[in-house]
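Listed below are the residues making up each chain.
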Amino acid sequence: MSSSWPSKKFTSSFVLVVMMLVALRSVTAASQSFPETWIYGADCDTEVKGQVHKYDDNLFIIRQSVCTNFEAPFIYLLFGKNKVLMQDSGASDFGQRQLVDNIIEQWLILNNLNTIKLIVSHSHGHGDHVAGDSLFKDRPNTQIIGKDVDSVKQFFGFKNWPEGIHQLDLGGRLVDILPLPGHQDAHLALYDYETQILFTGDSLYPGRIYFKQENFETLSKSMKNLYIYAQTKTVKHILGTHIEMTNQQGIDYAFEAKEHKNEHLLQLKMQHLEQFINWLPEAQLPIKKKVFDDFILYPTN
């Protein structure tokens, strides 16, 4: 007797395929994740000097331990097919050269490649983000971009700094490079199309956003431009380079704190950039410290 219903064998196979697709989707989604906690100086005798986190197959995050330097900055490694972009090099030597070499070596094995060019770039030129540059000077197939405005302009081809956008192709992975002066003259922002992450350095992160009074207008213009740009993109996360806020609203750690127990999340959202922008019309020089729930605008003079 014929029937319009699919056979049991067909139905079972179909269900199995659907289950496999659902499982694959879950794994893919879960792979783009952050650790439950970052190293925070709980026990400097046992804590690793640098924590490596695999956000996904092509983005790695290194967190320098607060035990090695109170700045405890983050380093990002973005892999394309023929280039890997490293943003920042750390606040001191905490073994990051070996960590980076290990990450690249394992990535090459998994991708059946022999070599890949490393580009060492910087969110900006302050010491806690460039101190590790010397560790990579003798590394083969590596280019280190200078920390000054002229070096940044020359490498990325900016002709009307601080205007314009440079699109860097890492090999099947596009990253937009945006000038973002204010916190520091050579500051940059990055937008990664693959992960839809906006990297904002020391200009927006869960902590104290430092600036000089005379640079506030420049910072304001940069952040407005960044906001206009970001509105044209899908921004899944905003990642800066420090965590200086606790998980309590508006409460930061003491200066040069040696332990960051109960840290704020590293990742911010577009709403945080919007808070910054929406506050700007109220700003009057001289700017006073402005405390938001998740970050603080902090004039240094």
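In every chain, residue numbers begin from 1 and rise along the written sequence. Given that the model is predicted, a residue must reach a pLDDT of at least 70 before its local features are reported, and side-chain atom pairs must reach 80 or more before they are shown or counted; all residues, however, enter totals for whole chains, interfaces and linings. Only heavy atoms go into the side-chain values, all of them from the structure, while hydrogens and water stay out.

(A) A look at helix H6 (residues 270–279). Buried residues are those whose accessible area, probed at 1.4 Å on protein chains only, stays under 20% of the maximum for their type, while exposed residues exceed 50% and partly exposed ones sit between those limits. The helix and strand labels rest on DSSP assignments: H or I over at least four residues marks a helix, E over at least two residues marks a strand, and numbering proceeds from the N terminus. For H6, the set of buried residues is Met-270, His-272, Leu-273, Phe-276, Ile-277 and Trp-279. Its buried side turned inward, H6 meets strand S11 (208–211), helix H5 (216–230), strand S12 (237–240), strand S13 (267–268), strand S14 (290–291) and strand S15 (296–299). What makes two residues a contact is simply this: any of their non-hydrogen atoms within 4.5 Å.

(B) Expanded view of the nonpolar core. Put simply, buried Ala, Val, Leu, Ile, Met, Phe, Trp, Tyr and Cys residues joined by side-chain atoms within 4.5 Å make one nonpolar core. Counting residues in each nonpolar core, the largest one holds 29 residues, and the members touching the most others are Leu-204, Met-223, Leu-226, Leu-273, Phe-276 and Leu-297. Contributing elements (two or more residues each) for this core: strand S9 (188–192), S11, H5 and H6. When residues of this core are assigned to their parent elements, the largest contribution, seven residues, is made by H5. Sequence-distant contacts of Phe-276, that is, excluding residues within four places in its chain, are made with Ser-203, Leu-204, Ile-209, Leu-219, Met-223, Phe-295 and Leu-297. Ranked by size, the runner-up nonpolar core spans 27 residues in total, among them Phe-34, Tyr-55, Val-152 and Leu-266.

(C) Here's a closer look at the state of the cysteines. Cysteine sulfur atoms are paired as a disulfide whenever they fall within 2.5 Å. Throughout the structure, instances matching the rule amount to one disulfide. With its sulfur 2.0 Å from that of its partner, Cys-44 forms a disulfide with Cys-67. Note on the Cys-44 and Cys-67 pair: the S-S dihedral is about -80°, so by sign convention the disulfide is left-handed. Of this pair, Cys-44 sits in the loop between helix H1 (8–31) and strand S1 (50–56) while Cys-67 sits in the loop between strand S2 (59–64) and strand S3 (74–79), and the two are 23 residues apart along the sequence. For Cys-44, a relative accessible area of 44% translates into the label partly exposed.

(D) Main features of the pairing of S1. Most of S1 is tucked away, with five of its seven residues classed as buried. For two strands to be treated as a pair, DSSP must find at least two bridges joining them. Of the strand pairs in this sheet, S1 and S2 are connected by six bridges, and their pairing is antiparallel. By the bridge assignment for S2, His-53 is matched with Ile-61. In this antiparallel pair of consecutive strands, S1 and S2, the connection spans two residues.

(E) Here's a closer look at unusual backbone geometry. Cis geometry marks the peptide bond from Trp-161 to Pro-162, where omega comes out at 5°. Relative to the assigned elements, Pro-162 resides in the loop between helix H4 (149–156) and strand S7 (166–169). Note the cis peptide between Leu-285 and Pro-286, where omega equals -5°. The topology assignment puts Pro-286 in the loop between H6 and S14. Positive phi, close to 45°, is recorded for Ala-72, a residue that is not glycine.

(F) Examining the sheet that holds S11 more closely. Spatial ordering of the open sheet is given by S11-S15-S14, a layout of three strands whose pairing is mixed. Looking along the sheet, the strands with just one partner apiece sit at the ends: S11 and S14. Sheet topology places S11 next to S15; four bridges connect them, and they run parallel. Among the inter-strand pairings, Phe-211 is bridged to a residue of S15, identified as Pro-299.

(G) Layout of empty space enclosed by the protein. Here a cavity denotes grid points, spaced 1 Å and computed from the protein atoms alone, that fit a 1.4 Å probe unable to get out, and a pocket denotes an open set having protein on both sides within 12 Å along at least 5 of 7 lines; residues with an atom within 4 Å of a point are the lining. Grid points are joined across faces, edges and corners, and a volume is the space filled by probe spheres set on the points. In total, this model carries one cavity of 30 Å³ or more according to the counting rule given. Approximately 40 Å³ is the volume found for the largest cavity. Looking at the largest cavity, the residues that line it are Ser-121, His-122, His-124, Ile-145, Gly-146, Lys-147, Val-152 and Ala-186.

(H) Just the confidence of the model for the chain, in detail. For every residue, the pLDDT score states the predictor's confidence, bounded by 0 at the bottom and 100 at the top. Put simply, the chain has an average pLDDT of 92, and 90% of its residues get 70 or more. Counted against residues more than four places away or in other chains, residues 1–30, with its pLDDT under 50, gives one contact.

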